[in-house]
Amino acid sequence: MATEYITVFITAPNEEEAAKISRTIVEERLAACVNIIRSVHSIYRWQGRVEDESEVLMIAKTKRALFDRLKGRIKELHSYEVPEIIGLPVIEGSKQYLDWLSQETE
């Protein structure tokens, strides 16, 4: 069933940190794949101010059951005090891809 899988959005301040986090969570089988998207323009409120920054977006594919472990590991690796870690359900997907995702995660 597709809903046992999620995509997780994570932002980072730069590509180097995003690559370090991505490689670690894939090596530790907390995610099967992470896409890194450069130069995301983020506007957000932080500590009473509106911030306007360039960030890097990671999109991780994993099992819903691994979310808490994944979230904890990202918090250990991340430089942000409050990193964005948002899991969204996969509603549909190709059987071959979801089978692969399942095999590559613990």
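Residues numbered from 1 in each chain as written. Predicted model: local features only at pLDDT ≥ 70, side-chain atom pairs only at ≥ 80, totals over all residues. Heavy atoms only, no water.

**Q** Is there a simple way to think about the side chain of T24 in this case?
**A** Relative to the helices and strands, T24 is located in helix α1 (residues 15–27). On the accessibility criterion, T24 (15% relative accessible area) is buried. At 2.9 Å, the side chain of T24 forms a polar contact with the backbone oxygen of K20. Leaving out residues up to four positions away in the same chain, T24 has contacts with R73 and L77. (Helix = DSSP H or I, 4+ residues; strand = E, 2+ residues; numbered from the N terminus. Buried < 20%, exposed > 50% of the residue type's maximum accessible area, 1.4 Å probe, protein only. Polar contact = N/O pair within 3.5 Å; in protein donor to acceptor, adjacent residues only side chain to side chain. Contact = heavy atoms within 4.5 Å.)

**Q** How should the nonpolar core be read in this particular structure?
**A** In summary, soluble globular proteins display a tendency toward joint burial of nonpolar side chains. Among the nonpolar cores identified, the biggest contains 18 residues, and V8, I25, M58, A60 and I74 are the most heavily contacted of them. Elements supplying a minimum of two residues to this core: β1 (5–12), α1, β3 (49–63) and α2 (67–77). Setting aside chain neighbours within four positions, we find V8 in contact with M58, I59, A60, T62, F67, L70, I85, I86 and G87. Counting residues in hydrophobic clusters, the runner-up holds 5 residues, among them Y5, A32, V90 and L101. (Core = buried A, V, L, I, M, F, W, Y, C linked by side-chain atoms within 4.5 Å.)

**Q** Looking at this structure, how should I read unusual backbone geometry?
**A** Excluding glycine, most residues fall at negative phi; most peptide bonds, likewise, are trans. Phi angles above zero are rare outside glycine, and S39 is one such case at about 55°. Here S39 lies in strand β2 (residues 33–46). For S39, a relative accessible area of 60% corresponds to the exposed category. A positive phi angle is found at Q47, which is not glycine, with a value near 50°.

**Q** For this particular structure, what's the right way to read the pattern of salt bridges?
**A** One side chain can pair with another of opposite charge once the charged atoms of both are near each other. Counted according to the given criterion, the structure contains 8 salt bridges. We note a salt bridge from R73 to E76, for which the minimum N-O separation is 2.8 Å. Highlighted residues: R73 and E76, both in helix α2, separated by 3 residues, approximately one helical turn. Between K95 and D99 there is a salt bridge, with its nearest N and O atoms 2.7 Å apart. Linking K95 with D99, this pair stays in helix α3 (residues 95–104), spanning 4 residues, or about one helical turn. A relative accessible area of 58% means that K95 is categorised as exposed. The partly exposed category is assigned to D99, whose relative accessible area is 32%. Shared partners join several salt bridges into a network, and the residues in it are E28, R73 and E76. (Salt bridge = Lys/Arg side-chain N within 4 Å of Asp/Glu carboxyl O.)

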